[in-house]
Amino acid sequence: MSRVTQAVVLFAIVTALIATGVLAVSEAYQDTPTDVETVEDEHFIQDVGEWVSVDRADDTGVTGFYDNETVRNQDGDELNEGNDYEWDNDAGAVRILDTPNTEDGADASIDYSYDQRAEEATIMIGPLATIFEIAGILPLVLAVAAVLSGLGLLSRSVGGGTYGGRR
């Protein structure tokens, strides 16, 4: 079996193993149960017209936010969704609108709930998913190595001479 054929076979095996690993870890992670967590009185600065993410928006293991938020202005008055602010429960972000109840640059607070994967799942499965994602470039590296190896073999046989031969 030539070196190129060996490289192609190795490439196929590694690709199949990585694909299987990525799918298995991804499925296991998606199937882990979640708990409903609630945050109360998280403070943020009203930035009228701009989306402001809540603190948990980028946390590993957060799977989504509920549409049950309560936003209060600097005076503690409850703001009305759609009139005074908008809430993006997919991203976990609030956008303050320019109304008599809001003030750009003033303090505000928000209460919200979100789904959180169990800490054990995040600690154990999350890094494995990252490793498999990084390993996903391995088939590309092997493909390039196989092509370069093939070109190296090709150049030796087509180069017009032999190694160590006379000129």
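Per-chain numbering applies: the sequence of each chain, read as written, is numbered from 1 onward. It should be noted that, the model being predicted, local features are given only for residues of pLDDT at least 70 and side-chain atom pairs only at 80 or more, the latter also being counted only at that level, while totals for whole chains, interfaces and linings use all residues. With hydrogens and water stripped out, all remaining heavy atoms of the structure feed into the side-chain values.

### With respect to the nonpolar core
(1) Moving on: With 16 residues, the main nonpolar core has Phe65, Val71, Trp87, Val94, Ile110 and Tyr112 as its most contacted residues.
(2) Moving on: A run of H or I in DSSP becomes a helix once it reaches four residues, and a run of E becomes a strand once it reaches two; helices and strands are each numbered from the N terminus. Listing elements by their share of this core, those giving two or more residues are strand 1 (34–45), strand 3 (62–65), strand 5 (85–88), strand 6 (93–96) and strand 7 (107–117).
(3) Moving on: Counting residues per element, this core draws most heavily on strand 7, at four residues. The term nonpolar core refers to a set of buried residues drawn from Ala, Val, Leu, Ile, Met, Phe, Trp, Tyr and Cys, joined through side-chain atoms within 4.5 Å. Here the term buried applies to any residue with accessible area under 20% of the maximum for its type, exposed to any over 50%, and partly exposed to those in between, with areas from a 1.4 Å probe on protein chains only.

### With respect to the environment of Phe44
(1) Moving on: As for its placement among the helices and strands, Phe44 is situated in strand 1.
(2) Moving on: Spatially, the C-alpha atoms of Phe44 and Asn73 are 9.9 Å apart, while their sequence positions differ by 29 residues.
(3) Moving on: Any two residues whose heavy atoms approach within 4.5 Å at even a single point are treated as in contact. Setting aside its immediate chain neighbours within four residues, Phe44 contacts Val52, Val71, Val94, Ile96, Ala106, Asp107, Ala108, Ser109 and Ile110.

### Some words on the sheet that holds strand 6
(1) Moving on: Paired strands are those between which DSSP finds at least two bridges. Spatial strand order, 2-6-5: three strands in an open sheet with antiparallel pairing. Taken across any chain shown, the strands that pair with only one partner, and hence form the sheet edges, are strand 2 (51–53) and strand 5. With strand direction ignored, the average angle separating the axes of adjacent strands in the sheet is 25 degrees.
(2) Moving on: Sheet topology places strand 2 next to strand 6; three bridges connect them, and they run antiparallel. Between N-to-C directions, angles cover 0 to 180 degrees, with each direction set by a line fitted to C-alpha atoms, over the stretch in contact for helices.

### Here we look at a nonpolar patch on the surface
(1) Moving on: Exposure above 30% relative accessible area and no salt bridge define the residues that can form patches, which grow by joining like charges within 9 Å and nonpolar side chains of Val, Leu, Ile, Met, Phe, Trp and Tyr within 5 Å. For accessible areas, the Shrake-Rupley method is used with a probe of radius 1.4 Å. Any residue's cover is judged against the shown protein chains and nothing else. A pair is scored as a salt bridge if a Lys or Arg side-chain nitrogen falls within 4 Å of a carboxyl oxygen belonging to Asp or Glu. Nonpolar side chains collect at one region of the surface, where Met1, Val9, Ile13 and Leu17 lie side by side and expose about 430 Å² of accessible area between them.
(2) Moving on: Along the chain, Met1 falls in the segment before helix 1 (3–30).
(3) Moving on: Under the relative-accessibility criterion, Met1 is labelled exposed at 74%.

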